[in-house]
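These are the residues of each chain, in order.
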Amino acid sequence: MYQFVIIAISSYILGSIFTLKNGCRKYTIEFAKGLLVPLVSGFYVHSGLSYLMASVGVLAAQSRPAFSKNNGYTGEIVSLGIVFFMSPVFGMALALMFFVIKKITGNYDQAVFVSSLMIPVMAFKIFSSDSYIIISLIIFANLVIQFWPLFLSKRIKSAVLYDMAVGIGVLGFLILLYFNKYVYRGFGAQTDIIRHGPEQIKYVALTFDDGPDPLYTPKILDILKEKNVPATFFLIGKNAEAYPEIAKRIVAEGHSIGNHTYSHKSLIPLSAKNTYKEIKNAEAAIEEATGIRPTLFRPPRGVYSGYARKLLKEERYTLVLWDVSTEDWAELAPKKIVANVINRVKPGSIILLHDSGDLLTFRGGNRNSTVKALPEIIDKLRDEGYEFLTVDQMIFISELMETEEYSLEDYLGPIPAQ
Ligand code: NI
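It is possible for side chains of opposite charge to pair when their charged atoms get near one another. For the structure on display, the rule yields 15 salt bridges. For the salt bridge of Glu245 with Lys248, the shortest nitrogen-to-oxygen distance reads 3.6 Å. Here Glu245 and its partner Lys248 are both found in helix 12 (residues 244-252), three residues apart, which amounts to about one turn of the helix. Relative accessible area serves as the criterion here: at 39%, Lys248 is assigned to the partly exposed category. The network of salt bridges with common partners includes Asp222, Lys225, Arg249 and Glu253.

If you want it as structure tokens, here you go:
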């Protein structure tokens, strides 16, 4: 994660320097900052989260530059640069709209304000990546506060509201990070929830969440086939509906499937009725696509409610979390994903990976790093003496070990030494 902190800090520094007093050159430089800072950060870590960090850093420098005097706010120019980076067409449309309104009203602030209203509408229409949508919303909120032309005096604008907005923005971002980084590990210690298999034998389970995905799931299936590794896929109902052929292939190639809700909604704020719908609609979609009714369930972001637990029990589901998070949702470099597995794995581990999903939604993230890391994860685990099981095989074994009526070797063959 330290790479993202480096990106935010260096973007803030880059946003702070080279600020000129006035004139055309100032605008060119500020535009270039918006365009180039995320671009360069992409060479360092090619990931949605790095673009988000770069944009927040370079924008933050606009109002509170640390390394030069603030020569007037030009956040709108930097923002335009960032929008151009995300989509040149969108950027040009935005600039065009600004010039037309400026021509009509003759008022710079109003022209920025009115054209910024287009940003959230367009963002949801054209961007499929969560990070681009979040960046657009941050830019939008920032511009609305700065250019609210009719109701506020300059003084209030620059002081109280702006600081509040920055505070709320930063807080929101930290909450987002918290939810992704920590909640993914799940809370508490409940015995009816499975986080890992038996620790006595050197087996692990690879699990892939959020698919099926038309781009990444087939690549992952190819690798698993080539390496002869069984895995467990927690499918999103909507994605199973959209890509039933891939869901079928997962099952046909001997992998296990689980239910990961219909539309990847967090279960905690949901009503009982909607919780039921999220679980049962996914079940119907997965059964329709694969012919199999799943019995494993994994809640989105590892968060579940008391009601969901009760319902899952009644519906004969096993709630499955994980004990090794690869943090691949952050689109880390493949090397880092491999290291997260190797440093955290122990016998019986359930390893969390993603073949689809995004920071917030259920589709659109870049999973190239996961695909690249997978062969190395498998090879390194094998080098350390690990073998692979699906989650239901793990549960089966762990039940056998509890009853102790059977010899494990009857089922597994010789158990590898630890
Ligand atoms: Ni998920």
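Anyway, onward from the coordinates.
Restricting attention to buried positions, one finds in helix 14 (residues 306-314) the residues Ala308, Leu311 and Leu312. One side of helix 14 holds all its buried residues, which, seen down the axis, span an arc of 100 degrees. The exposed residues of helix 14 that point more than 90 degrees off its buried face are Gly306, Lys313 and Glu314. In this structure, the buried side of helix 14 is in contact with helix 13 (272-290), strand 5 (296-297) and strand 6 (318-320). Downstream of helix 14 by one or two residues, Arg316 has phi in the positive range, about 60 degrees.

Moving on to the coordination of the nickel ion. Within the protein, the atoms that donate to the nickel ion are Asp210 (OD), His260 (NE2) and His264 (NE2), at distances of 2.0 to 2.2 Å. Within one chain, the residues donating to the nickel ion are spaced in sequence as D-x49-H-x3-H. For the pair formed by His260 and His264, the shared burial category is buried.

Bringing the packing of aromatic side chains into the picture now. In total, this model carries 10 aromatic pairs according to the counting rule given. With 6.3 Å between their ring centres and 70 degrees between their planes, Phe85 and Tyr132 make a pair best called edge-to-face. Of the two residues, Phe85 sits in helix 4 (residues 75-86) while Tyr132 sits in helix 8 (residues 130-147), which places them 47 residues apart along the sequence. The two residues Phe85 and Tyr132 agree in class, both being buried. Between Phe98 and Tyr108, the ring centres sit 5.3 Å apart and the planes meet at 75 degrees, which makes this aromatic pair edge-to-face. With Phe98 in helix 5 (residues 88-105) and Tyr108 in helix 6 (residues 108-116), this pair connects stretches of sequence that are 10 residues apart. Overall, the relative accessible area of 16% leaves Phe98 in the buried class. Joined through ring pairs, the aromatic side chains of Tyr51, Phe85, Phe90, Phe127 and Tyr132 make up one cluster. Seen from the ring of Tyr386, Lys202 lies directly overhead, with NZ or CZ sitting 4.8 Å from the centre. The ring of Tyr317 carries Arg293 above its face, with NZ or CZ at 5.1 Å from the centroid.

In terms of nonpolar packing, the biggest core is built from 73 residues, with Leu206, Phe208, Leu224, Phe233, Ile351, Ile377 and Leu381 touching the most fellow members. Sorting elements by how many residues they give to this core places helix 8 first, with eight residues. Each of two domains, domain 1 (2-177) and domain 2 (188-412), supplies a minimum of three residues to this core. Residues in contact with Phe208, not counting those within four places in the same chain, are Ile220, Leu224, Ala231, Thr232, Phe233, Phe234, Leu353, His354, Asp355 and Leu374. Membership of the second largest hydrophobic core comes to 27 residues, among which are Tyr304, Leu311, Trp322 and Val391.

Here the focus is the environment of Pro230. Considering the arrangement of structural elements, one finds Pro230 in the loop between helix 10 (216-227) and strand 3 (232-235). Separated by 23 residues in the primary sequence, Pro230 and Glu253 place their C-alpha atoms 8.4 Å from one another. For Pro230, the residues in contact, after removing those within four places along its chain, are His255, Phe388, Leu389, Thr390 and Gln393.

Each value, and the rule that gives it
- Residues numbered from 1 in each chain as written.
- Predicted model: local features only at pLDDT ≥ 70, side-chain atom pairs only at ≥ 80, totals over all residues.
- Heavy atoms only, no water.
- Salt bridge = Lys/Arg side-chain N within 4 Å of Asp/Glu carboxyl O.
- Helix = DSSP H or I, 4+ residues; strand = E, 2+ residues; numbered from the N terminus.
- Buried < 20%, exposed > 50% of the residue type's maximum accessible area, 1.4 Å probe, protein only.
- Arc of directions from axis to C-beta.
- Contact = heavy atoms within 4.5 Å.
- Donors = N, O, S within 2.8 Å, 3.2 Å for Na, K, Ca; no water.
- Phe/Tyr/Trp six-rings, centres within 6.5 Å; stacked < 30°, edge-to-face > 60°.
- Lys NZ or Arg CZ within 6 Å of the ring centre and 35° of its normal.
- Core = buried A, V, L, I, M, F, W, Y, C linked by side-chain atoms within 4.5 Å.
- Domains from an automatic or database assignment.

Scope: geometric values only; no functional claims are made or implied.
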